[in-house]
Amino acid sequence: MGFTAFAAKYGGRCGKCGASYGTGAMIYARRGGHAYHAACTENGNRAQREVAVGAITGEKGDEMKEEKIILPTTKTPGGLAETLAAAVEPYIKIKGDDIRAELDGRLTEIEERIKSIRVPLTVDVRRSGGETERIDGVHRQFPALLKLVQAGMNVYMHGAPGGGKSTAAGQVAKALGRGYGHITLMPTTTESKVFGFIDAQGRSVETVFTRGYVGGDVVCMEEVDNSSPMIQAFLNTCLENGHASLPWGMAARGETFALIATGNTCGRGATLDHQERRTMDAGFADRFVFLKWEYDETLEDTVTAAINPLAGPWVEWVRRVRNYADAHHPRLKATPRASFNGARLLREGFAAADAAEMVVFKGVEAAVMADVLRNCPLPSGAMVPAVEAVL
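Cut-offs used in this document
Residues numbered from 1 in each chain as written. Predicted model: local features only at pLDDT ≥ 70, side-chain atom pairs only at ≥ 80, totals over all residues. Heavy atoms only, no water. Helix = DSSP H or I, 4+ residues; strand = E, 2+ residues; numbered from the N terminus. Buried < 20%, exposed > 50% of the residue type's maximum accessible area, 1.4 Å probe, protein only. Contact = heavy atoms within 4.5 Å. Areas by Shrake-Rupley, 256 points an atom, 1.4 Å probe, with all protein chains shown as cover. 1 Å grid on protein atoms, 1.4 Å probe; cavity = no way out; pocket = protein on both sides within 12 Å on 5 of 7 lines; lining within 4 Å. Points joined across faces, edges and corners; volume = space filled by probe spheres on them. Nonpolar A, V, L, I, M, F, W, Y, C, P; charged D, E, K, R; others polar. Pairing = 2+ DSSP bridges. Axes fitted to C-alpha atoms, helices over the stretch in contact; angles between N-to-C directions. Phe/Tyr/Trp six-rings, centres within 6.5 Å; stacked < 30°, edge-to-face > 60°. Arc of directions from axis to C-beta. Parallel < 35°, antiparallel > 145°, perpendicular 65-115°, else oblique. Left-handed = near helix turned anticlockwise from the far one by under 90°.

## Things to note about the overall build of the protein chain
Working step 1: Within the protein chain, the regular secondary structure consists of 12 helices and 18 strands.
Working step 2: Counting all 391 residues of the protein chain, 39% fall into the buried class.
Working step 3: Restricting the contact set of the protein chain to residue pairs at least 6 apart, pairs at least 24 apart contribute 63%.
Working step 4: By element, 54% of the accessible surface of the protein chain is carried by carbon and sulfur atoms, the whole surface being about 22,200 Å².

Rendered as structure tokens:
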């Protein structure tokens, strides 16, 4: 009777060399006889053999179940271990090649992502006194705005809502080391609100504009395309002649005064999105250089990530909606503010669908919302940063 190879169910000792073997070790044995290490039998060195691999299935006396297999050929001495090593070597090599290929692919992907990372601008401004002011996280058009103000120009920034126009105006003031004032104009804004007045006690009551005008500050006037012709006409003299006739007398324009006006239109009158905007008087428009202010997606990414580091899928969705709506539903606006405010809502645990309703759709017709969501599905996955519980 020949030898039968099987995995040991129990540990024991080799009947030839006396060394022990453990459970699961491949051993050779005659049925009912002693067990031997593979290397201790004549079968262990055969170049090609057919063996029956069995497993002990019960207590002593139980029959052994056998299944016939063909082990691969090896000319290397040393028995079954070398035979198995030779058998699996090609598969190990293949697996290793697969792993290397996958790693190469992952590294390439990481490199491409690193290349695609966009960092907002940081601007260093050297002032006349020699000191340097660093402004981090500025809009990509900020350098152009800064140069225009440094050149002594009055600037009218026009563009869609939420682009950071007034923020950029404040950064210009900081970069140049000047004071900063801010005022919003409306059709009902009065002269006294902008140019001051003398009260009942005869005291001069100054405004943001008059203080900035005389003091050489940067003044931001928002919604200029929504202001009254009366305000525009009065500003004409202030901006062109170097002096202003204020209620308490003539005032000279400060040497470093700069006016940055903002609006959502180019001053040509009402649009589909801004139906109450007015046409600028040609003389008033002539006092400004016009700078079309566009969205800066790099800055949008950075601000959103600072609010909610997991809101990347959200801001990508807002942009898809923005592009789709511009082409198919121009009254629907998905501005960078929708990215920022949505990130805040997601951070607080609101569902993406709720955030979308509150900061993007805002009561838009159901058919429009359905069409947008069909073409721009909401992002899925967790977008709520882990926070420690406050006890």
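## Observations concerning unusual backbone geometry
Working step 1: A positive phi angle, close to 60°, is found at Glu 223, a residue other than glycine.
Working step 2: Given a relative accessible area of 23%, Glu 223 falls into the partly exposed group.
Working step 3: Of note in this structure, Lys 362 is not a glycine but carries a positive phi near 50°.
Working step 4: Looking at the secondary structure, you find Lys 362 in the loop between helix H11 (352-361) and helix H12 (366-375).

## Brief notes about the layout of surface pockets
Working step 1: For the largest pocket, the calculated volume is near 750 Å³.
Working step 2: If you trace the largest pocket, you find 31 residues lining it, with Ala 160, Pro 161, His 274, Tyr 295 and Lys 333 closest to the centre.
Working step 3: Broken down by class, the residue content of the lining of the largest pocket amounts to 11 nonpolar, 10 polar and 10 charged.

## Re the sheet that holds strand E11 (residues 180-184)
Working step 1: Pairing is parallel in the open sheet, where five strands are placed in the order E11-E14-E17-E10-E18. Edge positions in the open sheet fall to E11 and strand E18 (289-292), since each of these has one partner strand only. Between one strand and the next, the sheet's axes are offset by a mean angle of 20°, whatever the strand orientation.
Working step 2: As defined by bridge partners, strand E14 (residues 218-222) adjoins strand E17 (residues 258-263) across four bridges and the pair is classed as parallel.

## Details of the packing of aromatic side chains
Given two aromatic rings, their pairing is described by the distance between the two centres and the angle made by the two planes.
Working step 1: If you walk through the whole model with that rule in mind, you get 10 aromatic pairs.
Working step 2: Consider the rings of Tyr 156 and Phe 288, whose centres lie 6.5 Å apart with planes at 65°: the pair is edge-to-face. Of the two residues, Tyr 156 is situated in strand E10 (residues 155-158) and Phe 288 in the loop between helix H7 (282-285) and E18; the sequence distance between them amounts to 132 residues.
Working step 3: Given the relative accessible area of 0%, Tyr 156 is considered buried.
Working step 4: Between Tyr 156 and Phe 290, the ring centres sit 5.0 Å apart and the planes meet at 65°, which makes this aromatic pair edge-to-face. With a gap of 134 residues between them, Tyr 156 in strand E10 and Phe 290 in strand E18 connect regions that are remote in the sequence.
Working step 5: Through a chain of ring-to-ring contacts, three or more aromatic side chains come together here, namely Phe 195, Phe 209, Tyr 213, Phe 234 and Phe 257.

## Notes on helix H2 (residues 142-150)
Working step 1: Among all positions in H2, only Phe 142, Leu 145, Leu 146 and Val 149 are buried. Seen end-on, H2 carries its buried residues on one side only, within an arc spanning 100°.
Working step 2: For H2, the secondary structure elements touched by its buried residues are strand E8 (121-126), strand E9 (132-138), E10, helix H3 (165-176), E17 and E18.
Working step 3: Gly 152 occupies a position one or two residues after H2 and carries a positive phi of about 85°.

## Examining the packing of H2 against H3
When two helices pack together, you describe them by how their axes are tilted relative to each other and by the distance separating the axes.
Working step 1: In contact at an axis separation of 10 Å, H2 and H3 are set at 60° when each is read in the N-to-C sense. For the element pair H2 / H3, the angle class is oblique. The handedness of the crossing between H2 and H3 is right-handed. Each of Phe 142, Leu 145, Leu 146, Val 149 and Gln 150 in H2 lies in contact with H3, whose residues at this interface are Ala 168, Ala 169, Gln 171, Val 172, Ala 175 and Leu 176.
Working step 2: Of the residues assigned to the contact of H2 with H3, the class counts are nine nonpolar, two polar and no charged.

## Topic: the packing of helix H9 (residues 312-328) against H11
Working step 1: Direction vectors running N to C along H9 and H11 enclose 45°, while the axes themselves pass 12 Å from each other. Considering their axes alone, H9 and H11 lie oblique with respect to each other. For the pair H9 and H11, the crossing hand works out as right-handed. Contacts from Trp 314, Trp 317 and Val 321 of H9 reach H11 at Ala 352, Ala 355, Ala 356, Val 359, Val 360 and Phe 361.
Working step 2: Partitioning the contact of H9 with H11 into residue classes produces nine nonpolar, no polar and no charged.

That is the geometry; function is a separate question.
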